[in-house]
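Inside the fold
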Amino acid sequence: SNRILFRNPTSLRRSFASSRAVRLSACNHFVSHDDTIANKANKNTNFRVAVKDNIATAGLPTQCASGILVAHVSPFEATIVKQLRARGANVVGKTNMDEFGMGSYSTNSVHGAVSNPLSEGEQLSAGGSSGGSAVAVQLGDADIALGTDTGGSVRLPAAYTGVVGYKPSYGLLSRYGVVPYANSLDTVGILAHDASAISDIVFNTGLYMEHDPSDPTSLSQKARQRCAKASPSQLPPLRDVTIGIPAEYNIEELDPAVREVWAATASSLESQGARIVPVSLPSTKEALCAYYVLAPAEASSNLAKYDGVRYGVRGANGDAAGDTLYSEARGSGFGEEVKRRILLGTYSLSSEAIDNYFIQAQKVRRRVQQDFDRVFGLENPLYEPRQFDLSEMSADLELADKRGPVQVDFLLCPTAPSFPPKLKDLESKSSVDAYTNDVFTVPASLAGLPAVSVPVWPEQSRLPVGMQLIAQYWDDQRLLSMASKLQ
Ligand code: GLN
C-alpha cells in the first residue's frame, strides 16, 4: 500500500486532539470546506489535507481569494492534489490566502483577513500568503496543508502560527494546476506540525522522484536521478554537521527576542556537537529589491489573462467592447495590492525601464545564487563541474576574509525579523513595510533552494519564533531531518 505511515503518529495525534473543539471557521482560514469528507477521513487511516485556494481541486472552487475569480471552479485537479489523494489524502477544504499569493499577512483577501489562533485579545496576523493553510494545521483541522511559496509564503505563516513550513527545491513538486504568480519562483510547499511528517510524504512515498510531464518546470526524471546521486539522503551525526550563521541576516530591525532565540538555537546545536560557523552572503541586502522587481514583472504577465473574457467576471457594463470591458473587469475584480503589482511589473518590463530594473534584478539574482553555492559544501547538482578561471579566483581571494569559511551543510537564520503584528496595526502600514518583512525568505526563493521554518518556543513566551534552515539544491531530505532536530 502507498498509504502514508507517519513516523511519529502519537505526537501528531496529541497535537490534534487538544484542539479538536475549535470551529473550522474560527479564524476565517477556510474559504470552502467539506465536513462530510473531513468526518469520513477521521474514521479512516487516511490523512486530511487542507489546500490553499490557488491550487486546483476537483469538487471545490479555486478562486485565489480574488474578486475576479469568484465564479471560478477548476475543470481539473492539480497534480500535487492527485498525488496526495493517491497516497490516502482527503481534501478537507480550501484555505484563505492573500489574493494570488501577493502579501505577507493574509489580509489581502476578498474573504477578509485570516487571524492567528495564538492571538490573545487583539487579533494577530497569521502571516501570509498561505495563512489559511498554516492555521488549518495549527488548529488540527488538517494533518498537513498545501501552500505555495514564491518568496516566503509558506515559511512566514508557519513561523507566525508555530507550525513547520517547508519550501522544496524549485522544480521538485509539480506546479501543474497551481495558479501561477511568478513562475520562476513559485513552489508548492507543505505545512505540518512535524518536519518528519513532511519528510514521510515527500520521501518515504517516493513523491520527490515523480516528474510531471504537464509542468515544464518539473525536474526531468534524468535530472532527478542525477540530483539524487549527488545528494546524500542521510543526515550524519551532528558532530559531522556544519551550520552557517549568515552575518548579513543580523539586521538592526531584528527583534531582540528573535535574535536571542537564534543565538540560543545555534548554542544548543553546538552543545549537541554541531559545528557553528559565521558565513557571509554579501548579496543579501539586494535580494529583497531584486525579488520585488522580478516577482511583480512575472505577475503582470501571468495576470493578463484575467480580462473578463477568458477568465474573470465581467464588470457592470460587461458587454462593452475592448478596453472598457477589460478595465471594468480588472478594475473591479482585482484588489489594491494586485493592481499595484501589475503596475510595478508592467513598468519594470517597459522599454524605458527594463535595463535599469528587470535586467539588474536578474543580475542580483545570479549573485544570490553564487553566494549560496560558495558557502555550501555540496555542489549545486544542476550545474556542470566548475571551469576554473584564474582572474575570478583572485577576485574571490580579495573577498575571502570578508566571506568567511566555506562548506556548510545548512544555514540557520530567523524566518521573519519580528513577531506577528496585530491586524489592526497593519491597516496603517505601507505596502513597502510589508515587503521588508520578506527579507529573510526571498534569498532562498531567488536561488531555488529548499528551506524550512521550524517553530521554537522561547521560555515564557506565548508566541513562537520561526527558525529557518536553508540547504543546497536538492538537499531537501537532509534539510527536513535537520529540521526535526530543532523540534
Ligand atoms: N510576500 C511575498 C509577496 O508578496 C511572498 C509571497 C509568496 O511567497 N507567495 O510576493
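A few points on the structure. A quick note: this is a predicted structure, and the numbers were derived from the prediction, not measured.

Here we take up the overall build of the protein chain. Counting secondary structure elements, the protein chain contains 17 helices and 11 strands. Relative to its 487 residues, the protein chain shows a buried fraction of 59%. If you take every contact in the protein chain between residues at least 6 apart in sequence, the share linking residues at least 24 apart comes to 77%. Of the roughly 20100 Å² of accessible surface on the protein chain, 52% is carried by carbon and sulfur atoms.

As a further point, take the site of the ligand. Near the ligand lie 15 residues; those nearest to it are T150, G151, S153, Y181 and D438. The separation between an oxygen atom of the ligand and a polar main-chain atom of G152 is 3.3 Å. Y291 has a polar side-chain atom sitting 2.8 Å from an oxygen atom of the ligand. For the ligand, the protein covers 99% of the area, taking 290 Å² as the surface of the free molecule. The residue makeup of the shell around the ligand, split by class, is 4 nonpolar, 8 polar and 3 charged.

Note that the residue after G128, namely S129, is joined by a cis bond; omega there is 10°. For S129, the location among the structural elements is in the loop between strand 3 (89-95) and helix 4 (131-138). Although it is not a glycine, C64 sits at a positive phi angle of roughly 55°. Relative to the assigned elements, C64 resides in the loop between strand 2 (47-52) and helix 3 (79-86). Within the chain, Q460 stands out as a residue other than glycine whose phi angle is a positive 60°. As for its placement among the helices and strands, Q460 is situated in the loop between strand 10 (451-456) and strand 11 (465-471).

In this structure the tally under the stated criterion is 17 salt bridges. A salt bridge links E286 to R367; its shortest N-O distance comes to 2.9 Å. Taken as a pair, E286 in helix 9 (residues 284-302) and R367 in helix 12 (residues 355-375) lie far apart in primary sequence, 81 residues in all. With a closest N to O distance of 2.9 Å, R478 and D475 form a salt bridge.

What follows covers the sheet that holds strand 7 (residues 242-246). Reading across the sheet, the 11 strands line up as 1-3-2-4-6-5-10-11-9-7-8 and stay open at both edges, with mixed pairing between neighbours. If you trace the sheet from one side to the other, it starts and ends with strand 1 (30-33) and strand 8 (275-279), each paired once. Averaged over all neighbouring strand pairs, the angle between strand axes comes to 30°, with direction disregarded. Lying over the sheet, helix 4 contacts strand 1, strand 2, strand 3, strand 4 (144-149) and strand 6 (187-192), oriented at roughly 160° with respect to strand 4.

Turning our eyes to something else, we now look at the packing of helix 9 against helix 11 (residues 336-348). Two elements in contact, helix 9 and helix 11, have axes whose closest approach is 7 Å; the angle formed by their N-to-C orientations is 100°. With respect to helix 11, the element helix 9 is oriented roughly perpendicular. Residues Y292, V293, P296, A297 and S300 of helix 9 lie in contact with helix 11, whose contacting residues are R341, I342, L344, G345, T346 and S348. For the contact of helix 9 with helix 11, the per-class residue count stands at 6 nonpolar, 4 polar and 1 charged.

Our next topic: the pairing of strand 2. Across the 6 residues that make up strand 2, a large majority, 6, are buried. Relative to strand 3, strand 2 runs parallel, the two sharing 6 bridges. Looking at the pairing, A50 lines up with G93 of strand 3. In this view, the connection linking strand 2 to its parallel neighbour strand 3 by way of helix 3 has right-handed handedness.

Scanning the model with the defined rule gives 12 aromatic pairs in all. Taking 6.3 Å as the distance between ring centres and 15° as the angle between the ring planes, the aromatic pair formed by F372 and F376 counts as stacked. One exposure class covers both F372 and F376, and it is buried. In this structure an aromatic cluster arises from ring pairing among F100, Y306, Y311 and F334.

Before going further, it helps to examine the side chain of T242. As for its placement among the helices and strands, T242 is situated in strand 7. In this structure, T242 is in contact with R275, V277, Q407, V408, D409 and F410, ignoring residues within four places of it in sequence.

To continue, consider helix 4. Most of helix 4 is tucked away: 8 of the 8 residues are buried. Among the residues making up helix 4, those that are buried are G131, G132, S133, A134, V135, A136, V137 and Q138. Positioned one or two residues after helix 4, G140 has a phi angle of 80°, which is positive.

What follows deals with the nonpolar core. Judged by nonpolar contacts, the single largest core of 115 residues is most densely connected at F100, L146, F372, L412 and I470. For this core, the leading source of residues is helix 9, giving 10 residues. The residues contacting F100, other than those within four sequence positions of it, are C64, S66, I68, L69, V179, Y181, L303, Y306, F334 and V338. If you look at the next biggest cluster of nonpolar residues, it comprises 12 residues, including F30, A50, A134 and A145.

What follows covers the environment of P450. Looking at the element boundaries, P450 is found in the loop between helix 16 (442-447) and strand 10. Considering only alpha carbons, one finds P450 and Q472, 22 residues apart in sequence, at a separation of 7.0 Å. Discounting residues that sit within four places of it in the chain, P450 has contacts with K167, P168, S169, L469, I470, A471, Q472, Y473, W474, D475, D476 and L479.

Conventions we followed
Residues numbered from 1 in each chain as written. Predicted model: local features only at pLDDT ≥ 70, side-chain atom pairs only at ≥ 80, totals over all residues. Heavy atoms only, no water. Helix = DSSP H or I, 4+ residues; strand = E, 2+ residues; numbered from the N terminus. Buried < 20%, exposed > 50% of the residue type's maximum accessible area, 1.4 Å probe, protein only. Contact = heavy atoms within 4.5 Å. Areas by Shrake-Rupley, 256 points an atom, 1.4 Å probe, with all protein chains shown as cover. Near = heavy atom within 4 Å. Polar contact = N/O pair within 3.5 Å; in protein donor to acceptor, adjacent residues only side chain to side chain. Nonpolar A, V, L, I, M, F, W, Y, C, P; charged D, E, K, R; others polar. Salt bridge = Lys/Arg side-chain N within 4 Å of Asp/Glu carboxyl O. Pairing = 2+ DSSP bridges. Axes fitted to C-alpha atoms, helices over the stretch in contact; angles between N-to-C directions. Parallel < 35°, antiparallel > 145°, perpendicular 65-115°, else oblique. Right-handed = clockwise from strand over helix to strand, strands pointing away. Phe/Tyr/Trp six-rings, centres within 6.5 Å; stacked < 30°, edge-to-face > 60°. Core = buried A, V, L, I, M, F, W, Y, C linked by side-chain atoms within 4.5 Å.

Bear in mind that shape data such as this cannot, by itself, settle questions of function.
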